[in-house]
Amino acid sequence: MKANDIHEVVRILRQEAPKWKTPAVTIVAEDKRNPFYVLVSCILSLRTKDETTGAAFRRLVKRARTPQELRRISADELARIIYPVGFYNRKAVQLRDIARDLIERFGGRTPDSIEDLLTLKGVGRKTANLVVTLGHRKPGICVDTHVHRICNRWGYVKTSAPDKTEFALRKKLPQEYWIEINDLLVTYGQNLCAPISPKCSQCRIEPYCKKIGVNKHR
Ligand code: SF4
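Cut-offs and rules
Residues numbered from 1 in each chain as written. Predicted model: local features only at pLDDT ≥ 70, side-chain atom pairs only at ≥ 80, totals over all residues. Heavy atoms only, no water. Helix = DSSP H or I, 4+ residues; strand = E, 2+ residues; numbered from the N terminus. Rg over C-alpha atoms; globule rule 2.2 N^0.38 Å. Contact = heavy atoms within 4.5 Å. Lys, Arg positive; Asp, Glu negative; His and termini not counted. Charge placed at Lys NZ, Arg CZ, Asp CG, Glu CD. Buried < 20%, exposed > 50% of the residue type's maximum accessible area, 1.4 Å probe, protein only. Core = buried A, V, L, I, M, F, W, Y, C linked by side-chain atoms within 4.5 Å. Near = heavy atom within 4 Å. Nonpolar A, V, L, I, M, F, W, Y, C, P; charged D, E, K, R; others polar. Domains from an automatic or database assignment. Buried area = accessible area lost by both parts, 1.4 Å probe. Salt bridge = Lys/Arg side-chain N within 4 Å of Asp/Glu carboxyl O. Polar contact = N/O pair within 3.5 Å; in protein donor to acceptor, adjacent residues only side chain to side chain. Disulfide = S-S within 2.5 Å.

A look at the overall build of the protein chain
Summing up its helical and strand segments, the protein chain has twelve helices and zero strands in all. What you see in the protein chain, going N to C, is helices and strands ordered as α-α-α-α-α-α-α-α-α-α-α-α. In terms of overall dimensions, the protein chain is globule-like: its C-alpha atoms have a radius of gyration of 18 Å, near the 17 Å expected for 218 residues. Across its three principal directions, the C-alpha atoms of the protein chain cover 55 × 30 × 30 Å. Considering only contacts within the protein chain whose residues lie at least 6 apart along the sequence, 58% involve residues at least 24 apart. Each charge sign in the protein chain was given a centre, from 41 positive and 23 negative side chains, and these centres are 4 Å apart.

Listed below in structure tokens is the structure:
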């Protein structure tokens with residue numbers, strides 16, 4: 001894909017995205033615009049289906065809308081509330097530790113810088129970028145497995161890991177697209193540009209895509 005093609009590609013992705021379900025983390029963020037909620041829902045969502053994440057998040061916020069309220073819940077009870085998200089016992093402990101750090105180090109606020117967010121237990125670049133972009137509406141690029149895979153298939157970047165893709169996109173992707181690229185490509189990756197056998201015959205981006213690494217497609 002040529003650098004300038006990105007404008008047309010994003011235009012097509014915007015048209016296609018409403019056909020499919022919005023990722024659970026995005027629904028939470030759009031409903032609340034609350035960085036703490038985005039952080040919590042990101043942690044719940046790891047290794048968990050969207051439906052399960054959404055339901056667990058709604059149960060949790062009935063009990064805890066702030067780090068202080070979350071910290072008052074025991075790890076055992078928290079695990080029961082968020083069950084059956086993946087690794088619910090571990091995530092319960094993680095959420096309590098994060099709540100403590102937010103209270104003790106950030107005055108109960110969820111930080112708006114990647115560097116500060118990365119100091120929280122178990123928070124990686126993907127979650128940190130999502131909190132910055134969706135929660136604080138500040139520039140950042142959240143690169144998960146879908147963004148990494150699809151940008152490499154296009155030939156827009158040539159990288160070996162999501163973190164490297166993030167830095168490559170920060171240099172190349174026009175900033176006006178930074179926040180929405182994750183939403184657009186997660187939806188596209190879940191529904192069309194799948195990890196195995198993508199549906200290239202139905203893909204309106206095909207004329208711009210080099211299909212790098214795609215051996216089999218439908
Ligand atoms: S043409 Fe195929 S590989 Fe390329 S973006 Fe579309 S579905 Fe993905």
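Brief notes about helix α9 (residues 125-135)
Buried residues dominate α9, accounting for ten of its eleven residues. Every buried residue of α9 is accounted for by R125, T127, A128, N129, L130, V131, V132, T133, L134 and G135. R137 sits one or two residues past α9 and shows a positive phi near 55 degrees.

A few points about the nonpolar core
Ranked by internal contacts, the top residues of the largest apolar core, which has 36 residues, are L39, V40, L44, L60, L70, L95 and L120. For this core, the secondary structure elements donating two or more residues are α3 (35-45), α4 (50-63), α6 (75-82), α7 (88-106), α8 (114-117) and α9. Here the element with the most residues in this core is α3; it accounts for eight residues. Contacts of L60, omitting those with residues within four sequence positions, involve V40, L44, L70, L78, I81, I82 and L95. Counting residues in hydrophobic clusters, the runner-up holds 28 residues, among them M1, W20, L173 and C193.

Some points on the site of the ligand
If you check the shell around the ligand, you find R153, W154, C193, P198, C200, C203, E206, C209, K211 and V214 and nothing else. Residues of the shell around the ligand, tallied by class, amount to seven nonpolar, no polar and three charged.

Some details on the domain arrangement of the protein chain
The assigned domain composition of the protein chain is domain 1 (3-21 + 141-208) and domain 2 (34-135). Spacing between the C-alpha centres of domain 1 and domain 2 amounts to 27 Å. Of the residues lining the interface, twelve residues belong to domain 1; the matching set on domain 2 comes to eight residues. A buried area of about 810 Å², summed over both sides, lies between domain 1 and domain 2, and 54% of it is on carbon and sulfur atoms. Contact with domain 2 buries area across many residues of domain 1, yet C142, E166 and I179 alone supply 44% of it, more than any other trio. Run the count over domain 1 and domain 2 and you get one salt bridge. One salt bridge in this structure joins E166 and R125, with 2.7 Å as the shortest N-O distance. Across the domain 1-domain 2 interface, the total number found is four residue pairs in polar contact (both at pLDDT 80 or more). In terms of residues, the side of domain 1 that touches domain 2 owes the most to one element, helix α11 (residues 162-172), which gives four residues.

Looking at the state of the cysteines
Here a disulfide denotes a covalent bond joining the sulfur atom of one cysteine to the sulfur atom of another. Under the defined criterion, the tally for this structure stands at zero disulfides. C151 takes part in no disulfide bond, and the closest cysteine sulfur to it belongs to C193, at a distance of 9.8 Å.

Here we look at the pattern of salt bridges
Per the counting criterion, the structure on display carries 14 salt bridges. The salt bridge involving E180 is made with R14; its shortest N-O contact spans 2.5 Å. You can see E180 sitting in helix α12 (residues 178-191) and its partner R14 sitting in helix α1 (residues 6-16), a full 166 residues away along the chain. In this structure, the salt-bridge partner of E16 is K19, at a minimum N-O distance of 3.1 Å. Assessed through its relative accessible area of 3%, E16 is described here as buried. Overall, the relative accessible area of 55% leaves K19 in the exposed class. Each of D97, R100, D101, R105 and K121 takes part in one network of salt bridges that share partners.

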